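Per-entry structural report
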Number of protein chains: 2
Amino acid sequence: MSKLPVLEIFGPTIQGEGMVIGRKTMFVRTAGCDYRCSWCDSAFTWDGSAKQDIRQLTPEAIWEELVALGGDCFDHVTISGGNPALLAAVADLVQLFKTKGIKTALETQGSRWQPWMTAIDDLTLSPKPPSSGMKTHFSVLDSIIEQLLPIGNASLKVVIFDEADFDYAVAVHERYKGIPFFLQVGNADTTTTNQEALTKQLMTRYEWLIDKAMVDPKMNDVRILPQIHTLVWGNKRGV
Amino acid sequence: MSKLPVLEIFGPTIQGEGMVIGRKTMFVRTAGCDYRCSWCDSAFTWDGSAKQDIRQLTPEAIWEELVALGGDCFDHVTISGGNPALLAAVADLVQLFKTKGIKTALETQGSRWQPWMTAIDDLTLSPKPPSSGMKTHFSVLDSIIEQLLPIGNASLKVVIFDEADFDYAVAVHERYKGIPFFLQVGNADTTTTNQEALTKQLMTRYEWLIDKAMVDPKMNDVRILPQIHTLVWGNKRGV
Ligand code: SF4
Ligand code: SF4
């Protein structure tokens, strides 16, 4: 059976963002990304700095490690990256989870289609705004959303750092009416260990984002969220 | 047309808790409650202290006020209390909202059934744990959930202050499998204006609650959330 490049397996913890914010979950983080976002908070998945930590694991080996960590204290696994949509082998992992009665969440920027996307319970598509330095492949995203719309398992999440990002988010929301839409405050300082200053800064930016959305009639059917794991644990990894 | 006793109309702002946390919404707060929770954060709705602010308003008058405040910048209204489930006239209000294309959320402790509950989009049932000093009417809650389960519009939310509350939450979750279940950190200090100290205390309690739930196999399919409006605005009213 095919293997997946895995960088982290941890939990149980809470999902800190997006459509199932607060959900008790385990995390599997895969290595590799086709993007290079300027503010990437998991650059170690693609910049070579954690190369020696990447393990090629079968779905069974991943499952065994999840059970060793979580015992019977979980029923939900989040697959994150990097961009897990680069990996065809996610199909086998998700199938295995299904046989174990485990629900699955997955986050990707939406730059690649994978047939297994229809089998994910909570799929977050997070196209990247201008501040990332990346360009959105709208034709790919169109086709992903077209295929997932009838299933109802997908949401859109846009991370916002500035005005241009907000305008981009408005355009994405208008383009994909009918898909649950989340605005998220960007974390501009992914390395600080000053938890108090970070919380303060994030809450100030969150309030700014709320204020922007409140007065925009194009942003009515939206949800605006902070990253709650960052508020609780700061930039610590593996929680 | 029948009138409703209204204490506050405000927004647009975000929903700070529960199943649609982060959602852009307007608020209509009704007066009156059949409970007297020890830690009630809206005691002014029933303790007489805001008696002079209660207005008897028709659904049309409420709508006019919402539009005066929110213009075209909202498509969702949250009805809170007190206990809005004391009021049969909520039926007319929700019907009016439907004709305007407005979605509705409502929160109640679940001590009374109302036929209009089936018409609410996001209904939060928040039975009160032991620390409140109240006793749950489980026969009433059973019957409410039985009627709403096929509609899929309801969630359960239990506010947690201590160990006994947590045990109560486990029992509620086990009793009502299949209803989305939210744990929420209780705000033990609803009067302080020291925002920094409040945030710190709430985050400490939130981490405690997360830790409890993570090691409990009966608490797998749960979502654990803080009140984000309290993190942003503290105990301020009308935001
Ligand atoms: S798409 Fe995600 S993982 Fe890839 S560079 Fe951007 S933020 Fe980082
Ligand atoms: S049920 Fe709600 S409004 Fe009524 S006393 Fe309890 S907390 Fe306050």
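Residues numbered from 1 in each chain as written. Chains lettered and ligands numbered in written order. Predicted model: local features only at pLDDT ≥ 70, side-chain atom pairs only at ≥ 80, totals over all residues. Heavy atoms only, no water.

Here chain A sits on chain B after a turn of 180° about the axis and a move of 0.0 Å along it, with an RMSD of 0.0 Å. The symmetry that links the two subunits is that of a two-fold axis. (Least-squares fit on C-alpha atoms with pLDDT ≥ 70 in both.)

This brings us to the interface of chain A and chain B. How big an interface is tends to be stated in terms of accessible area lost as the parts join. In this assembly, 37 residues from chain A lie in contact with 37 residues from chain B. Buried area between chain A and chain B, summed over both chains or domains, comes out near 3,000 Å², and the portion from carbon and sulfur atoms is 60%. We note a salt bridge from A:Glu196 to B:Lys200, for which the minimum N-O separation is 3.1 Å. One can count 30 residue pairs in polar contact (both at pLDDT 80 or more) joining chain A with chain B. Mapped by element, the contributors of at least two residues to the side of chain A that touches chain B are β1 (4–14), α5 (195–214), β9 (223–225) and α6 (228–233) of chain A. (Contact = heavy atoms within 4.5 Å. Buried area = accessible area lost by both parts, 1.4 Å probe. Salt bridge = Lys/Arg side-chain N within 4 Å of Asp/Glu carboxyl O. Polar contact = N/O pair within 3.5 Å; in protein donor to acceptor, adjacent residues only side chain to side chain. Helix = DSSP H or I, 4+ residues; strand = E, 2+ residues; numbered from the N terminus.)

Let us now look at the site of ligand 2. Near ligand 2, the surroundings consist of B:Cys33, B:Tyr35, B:Arg36, B:Cys37, B:Cys40, B:Trp46, B:Gly82, B:Gln109 and B:Lys128. Classifying every residue of the shell around ligand 2 gives five nonpolar, two polar and two charged. (Near = heavy atom within 4 Å. Nonpolar A, V, L, I, M, F, W, Y, C, P; charged D, E, K, R; others polar.)

To continue, consider the pattern of salt bridges. Residue and element names in this part refer to chain A. Taken as a whole, this structure holds 20 salt bridges over all chains when the rule is applied. In this structure, Lys157 engages Glu17 in a salt bridge whose closest nitrogen and oxygen atoms are separated by 2.3 Å. Taken as a pair, Lys157 in strand β7 (residues 154–160) and Glu17 in the loop between β1 and β2 (24–30) lie far apart in primary sequence, 140 residues in all. A single burial state applies to Lys157 and to Glu17, both of which are buried. Within this structure, Glu17, Glu107 and Lys157 form a network of salt bridges that share partners. (Buried < 20%, exposed > 50% of the residue type's maximum accessible area, 1.4 Å probe, protein only.)

So, about the nonpolar core. A:Leu66, A:Leu183, A:Ile224, B:Leu66, B:Leu183 and B:Ile224 are the most contacted members of the largest nonpolar core, which totals 134 residues. Of all hydrophobic cores here, the second largest spans eight residues; its members include A:Cys33, A:Tyr35, A:Cys40 and A:Phe161. (Core = buried A, V, L, I, M, F, W, Y, C linked by side-chain atoms within 4.5 Å.)

Okay, the sheet that holds strand β1 (residues 4–14) of chain B next. Residue and element names in this part refer to chain B. Across the sheet, which stays open at both edges, the nine strands sit in the order β3-β1-β2-β4-β5-β6-β7-β8-β9 with mixed pairing between neighbours. Each of the sheet's edge strands pairs with one partner strand only, and the pair in question is β3 (55–57) and β9 (223–225). Averaged over neighbouring strand pairs, the angle between their axes works out to 30° when direction is ignored. Across three bridges, β1 lies against β3 in antiparallel orientation. (Pairing = 2+ DSSP bridges. Axes fitted to C-alpha atoms, helices over the stretch in contact; angles between N-to-C directions.)

Moving on, we come to the sheet that holds β9(A). Whether parallel or antiparallel, the strands of a sheet pair through hydrogen bonds between backbone atoms. Residue and element names in this part refer to chain A. The strand order across the open sheet formed by nine strands is β3-β1-β2-β4-β5-β6-β7-β8-β9, and the pairing between neighbours is mixed. Only two strands of the sheet have a single neighbouring strand rather than two, namely β3 (55–57) and β9. Averaged over all adjacent pairs, the angle separating strand axes in this sheet is 30°, with direction ignored. Across three bridges, the pairing between strand β8 (residues 181–185) and β9 is parallel. Note that in β9 the partner of Leu183 across the bridge is Ile224. Where helix α2 (residues 90–99) meets the sheet, it contacts β1, β4 (76–80) and β5 (103–108), and its direction lies at approximately 170° from that of β4.

Residues and elements named next belong to chain B. Most of strand β8 (residues 181–185) sits out of view: five of its five residues are buried. Side chains Phe181, Leu183 and Val185 project from β8 onto one buried face, and the interleaved Phe182 and Gln184 project onto a second face that is buried too. Of the crossover connections in this fold, the one passing from strand β7 (residues 154–160) over helix α4 (residues 163–175) to the parallel β8 is right-handed. In this region the chain leaves β8, passes through helix α5 (residues 195–214) and returns to the parallel neighbour β9; the handedness of that crossover is right-handed. (Right-handed = clockwise from strand over helix to strand, strands pointing away.)

What follows is about helix α4 (residues 163–175) of chain A. All names here are of chain A. Helix length check: α4, at 13 residues, gives a terminal C-alpha distance of 19 Å against a target of 18 Å (1.5 Å per residue), a fit within 8%. Within α4 the residues assigned to the buried category are Asp165, Phe166, Tyr168, Ala169, Val170, Val172 and His173. Those residues of α4 that are buried lie in contact with α3 (138–148), β7, β8 and α5. The backbone nitrogen of Ala164 lies 3.2 Å from a side-chain oxygen of the residue at the head of α4, namely Asp162. (Expected span 1.5 Å × (residues − 1).)

What follows is about the UniProt feature "binding site: [4Fe-4S] cluster" (unreviewed entry) in chain A. Residue and element names in this part refer to chain A. Per the UniProt annotation, the sites labelled "binding site: [4Fe-4S] cluster" (unreviewed entry) are Cys33, Cys37 and Cys40. Residue class for Cys33 comes out buried when judged on its relative accessible area of 15%. In this structure, Cys33 is in contact with Trp46, Gly82, Asn83, Leu86 and Gln109, ignoring residues within four places of it in sequence. In this structure, Cys37 sits in the loop between β2 and β3. When neighbours within four sequence positions are excluded, Cys37 is seen to be in contact with Trp46, Lys128, Ser132 and Met134. (UniProt positions renumbered as here; feature names shortened; annotations may be inferred.)

Right, let's talk about the UniProt feature "binding site: substrate" (unreviewed entry) in chain A for a bit. All names here are of chain A. The feature "binding site: substrate" (unreviewed entry), as given by UniProt, occupies Ile14, Gln15, Gly16, Arg29 and Ser80 in the numbering adopted here. Structurally, Arg29 is set in strand β2. Residue Arg29 is classed as buried on the basis of its relative accessible area of 15%. Not counting residues up to four positions away in its chain, the partners in contact with Arg29 are Pro5, Val6, Leu7, Glu8, Ser42, Phe44, Thr45, Ser80 and Gly81. With respect to the secondary-structure elements, Ser80 resides in strand β4. Its relative accessible area of 11% is what places Ser80 among the buried residues. In contact with Ser80, other than residues within four places in its own chain, are Phe27, Val28, Arg29 and Thr30.

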